[in-house]
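# Examining the three-dimensional arrangement
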Amino acid sequence: MKSFILLENVIFYAYHGVQPHETKVGNEFVINLKLEVNLTDAAQSDSLEDTVSYADIYNDVKEQMQIPSKLLEHVAYRIVQCLKQKYAKIEHVEIKLSKRNPPMGAQLDCASVVLID
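The structure contained in this document is the topic of the report that follows. Since this is a predicted model, take the numbers as computed values, not measurements.

Helix and strand counts for the protein chain stand at 4 helices and 4 strands. When its helices and strands are written in sequence order, the protein chain yields β-α-β-α-α-α-β-β. Taken over the C-alpha atoms alone, the protein chain extends approximately 50 × 25 × 20 Å along its principal axes. Burial analysis of the protein chain (117 residues in total) assigns 38% to the buried set. By element, 51% of the accessible surface of the protein chain is carried by carbon and sulfur atoms, the whole surface being about 7,300 Å².

Spelled out as structure tokens, the structure:
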């Protein structure tokens, strides 16, 4: 059986972007994270040691979001690498990183990238 831990619509204010004003003014970013983790042991034991703490995951993502980058691709890649290296129980990571109201002269809610590892 496949099992997942999801963090959905996590909002951060950060300073990612190519344009100089983006790194000064900042913007709102939304992350949706899907972690494939075997949850069988945790489901049976009711023990945090048998799973991955979503609070710890949140803190790791927050830390990565605080490091300014030009590209969403770079931020998303760093997050995936951090999580895969830190948590052996994570088998696969899927991340969608969205920038709200990107400065591109278009009427849209978000510009996003998705990485699946």
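L33, I57 and M65 are the most contacted members of the largest nonpolar core, which has 26 residues in total. Where this core is concerned, the elements lending two or more residues are β1 (4-14), β2 (27-37), α3 (54-65), α4 (72-86) and β3 (90-100). If you tally residues by element for this core, the top one is α4, at 6 residues. Sequence-distant contacts of M65, defined by excluding residues within four places in its chain, comprise F12, A14, H16, F29, I31, V75, I79 and L97.

Here we take up the packing of α3 against α4. Angle between the axes and distance between the axes: these two values describe a pair of packed helices. Packing of α3 against α4 leaves a shortest axis separation of 10 Å and a crossing angle of 145 degrees. The handedness of the crossing between α3 and α4 is right-handed. Within the contact between the two elements, α3 uses I57, D60, V61, Q64 and M65 and α4 uses V75, R78, I79, C82, L83 and K86. Taken together, the residues of the contact of α3 with α4 sort by class into 7 nonpolar, 1 polar and 3 charged.

Another point: the side chain of Q64. Examined against the element boundaries, Q64 turns out to sit in helix α3. The buried category is assigned to Q64, whose relative accessible area is 10%. Residue contacts for Q64: discarding those within four places in its chain leaves R78, I79 and C82.

The next thing to look at is the packing of aromatic side chains. With the rule as written, the count across this model stands at 2 aromatic pairs. Residues F12 and Y58 carry aromatic rings whose centres are separated by 5.6 Å and whose planes lie at 15 degrees to one another, so their mutual orientation is stacked. Of this pair, F12 sits in strand β1 while Y58 sits in helix α3, placing them 46 residues apart in sequence. Take F12: its relative accessible area is 8%, and that puts it in the buried class. Look at Y13 and Y15: their rings are 5.8 Å apart centre to centre, the planes differ by 75 degrees, and that puts the pair in the edge-to-face class.

Below, the discussion takes up the layout of surface pockets. Here the largest pocket defines a volume of roughly 220 Å³. Mapped by element, the contributors of at least two residues to the lining of the largest pocket are α4 and β4 (110-116). Here the lining of the largest pocket is built from residues that sort into 8 nonpolar, 2 polar and 4 charged.

In this section: the side chain of D60. On the secondary structure map, D60 appears in helix α3. For D60, the residues in contact, after removing those within four places along its chain, are C82, L83, K86 and Y87.

Procedures and definitions
- Residues numbered from 1 in each chain as written.
- Predicted model: local features only at pLDDT ≥ 70, side-chain atom pairs only at ≥ 80, totals over all residues.
- Heavy atoms only, no water.
- Helix = DSSP H or I, 4+ residues; strand = E, 2+ residues; numbered from the N terminus.
- Buried < 20%, exposed > 50% of the residue type's maximum accessible area, 1.4 Å probe, protein only.
- Areas by Shrake-Rupley, 256 points an atom, 1.4 Å probe, with all protein chains shown as cover.
- Core = buried A, V, L, I, M, F, W, Y, C linked by side-chain atoms within 4.5 Å.
- Contact = heavy atoms within 4.5 Å.
- Axes fitted to C-alpha atoms, helices over the stretch in contact; angles between N-to-C directions.
- Left-handed = near helix turned anticlockwise from the far one by under 90°.
- Nonpolar A, V, L, I, M, F, W, Y, C, P; charged D, E, K, R; others polar.
- Phe/Tyr/Trp six-rings, centres within 6.5 Å; stacked < 30°, edge-to-face > 60°.
- 1 Å grid on protein atoms, 1.4 Å probe; cavity = no way out; pocket = protein on both sides within 12 Å on 5 of 7 lines; lining within 4 Å.
- Points joined across faces, edges and corners; volume = space filled by probe spheres on them.

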